[in-house]
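Here's the letter readout for the chains.
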Amino acid sequence: MNQQATKIVIISGAGISAESGLATFRDPDGLWQQYALEDLATPQAFARNPALVHRFYNSRRIQAAKAEPNAAHLAIAKLEQAFNVVVVTQNVDDLHERAGSSKVLHLHGKLNEARSSRNPNLIEVIGQRELKVGELAADGSALRPNIVWFGEEVPAMEPAIKEIASADKILVVGTSLQVYPAASLLFYARKGAEKVLINLEATDNDAGYQFIQGKAATEVPKLVE
Ligand code: BV8
């Protein structure tokens with residue numbers, strides 16, 4: 001098998017961006033320890049208090065824009081020189097793309113996009129700008145962050161499953177594997193695929209992957225370079 005024909009799928013979570021200065025969700029200093037996700041990351045929260053939801057995502061959008069990819073993002077991007085690489089990320093930042101990864105599937109949306117509240121396929125690129133209450137999408141409904149909130153379908157699951165089921169090697173990095181359906185992706189690995197999980201802490205949900213405990217920016221370059 002030549003190297004380019006070897007397919008590597010990376011499944012990443014908030015832990016890969018932690019060393020770029022972006023908060024994770026469920027660590028002791030994580031976002032869901034400081035805020036109630038029911039107030040910020042559900043369609044009901046947006047209907048109740050759009051100003052609060054916009055403030056939360058406007059601030060995270062700016063933080064993500066200021067952050068720089070770290071050694072883990074860069075090492076994954078470099079893998080493309082020798083392998084067929086697809087990144088499936090739960091992250092809403094664009095650090096994989098800015099590191100140079102060309103095939104990135106975002107399971108939970110993107111901070112630099114907005115969408116219609118009625119139609120998830122009606123998307124606008126907003127870059128770093130703030131969203132304000134009262135802004136409308138092209139179909140006249142409220143413009144909201146293009147984030148997959150709790151209770152909402154995850155449309156990228158189907159393409160993500162296809163990628164994972166056809167991978168020769170799977171590397172999972174920086175995720176607590178607490179959020180479904182994303183966490184179930186690990187189970188779609190084909191028999192014989194090489195499967196590694198790099199995380200700061202062990203998780204109950206590792207699906208039998210070889211576990212490397214440590215920080216992403218240290219362990220990912222060590223593993224792949
Ligand atoms: C759906 C948007 C159906 C927000 C996010 C009970 C059981 C099972 C499931 C459920 C249940 N009750 C409800 C559900 C379903 C629910 C769910 O899973 N809830 C969980 C919490 C129980 N899921 C849903 O609602 C999903 N939708 O099911 O739809 C449906 C079907 C058809 C039609 C209609 C509906 C939608 C889920 C989407 C959630 N969206 N994001 C935002 O970003 O603002 S979730 C949120 O968690 C994040 O976005 C992130 O993407 C995701 C995963 O978190 P992680 O990335 O893993 O981050 P976390 O902090 O948890 O972990 C970080 C890890 O990194 C830690 O382990 C840490 O040790 C490690 N780490 C830290 N630093 C480092 C490090 N590792 C390495 N190096 C470091 N330096």
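What counts and how
- Residues numbered from 1 in each chain as written.
- Predicted model: local features only at pLDDT ≥ 70, side-chain atom pairs only at ≥ 80, totals over all residues.
- Buried ≥ 20, exposed ≤ 12 C-beta atoms within 10 Å, placed from the backbone.
- Helix = DSSP H or I, 4+ residues; strand = E, 2+ residues; numbered from the N terminus.
- Pairing = 2+ DSSP bridges.
- Near = placed C-beta within 6 Å.
- Nonpolar A, V, L, I, M, F, W, Y, C, P; charged D, E, K, R; others polar.
- Domains from an automatic or database assignment.
- Contact = placed C-beta atoms within 7 Å.

Caption draft 1: Inspection of the pairing of strand β7 (residues 169–173) at higher detail. Within β7, four of the five residues are buried, which leaves it mostly tucked inside the rest of the structure. Judged from the five bridges that link them, strand β1 (residues 7–12) and β7 form a sheet pairing that is parallel. By the bridge assignment for β7, Ile-11 is matched with Val-172. Relative to strand β8 (residues 194–199), β7 runs parallel, the two being bridged by five bridges.

Caption draft 2: Structural view of the site of the ligand. Near the ligand lie 34 residues; those nearest to it are Gly-13, Gly-15, Phe-25, Gln-90 and Ser-176. The class makeup of the residues in the shell around the ligand is 15 nonpolar, twelve polar and seven charged. For the shell around the ligand, the two domains that each supply at least three residues are domain 1 (1–22 + 70–108 + 154–225) and domain 2 (24–66 + 111–147).

Caption draft 3: Quick look at the domain arrangement of the protein chain. Segmentation of the protein chain into domains returns domain 1 (1–22 + 70–108 + 154–225) and domain 2 (24–66 + 111–147). One C-alpha centre belongs to domain 1, the other to domain 2, and the line joining them spans 25 Å. Counting from both sides, the interface comprises eleven residues of domain 1 and, opposite them, nine residues of domain 2. The class makeup of the residues in the side of domain 1 that touches domain 2 is five nonpolar, four polar and two charged.

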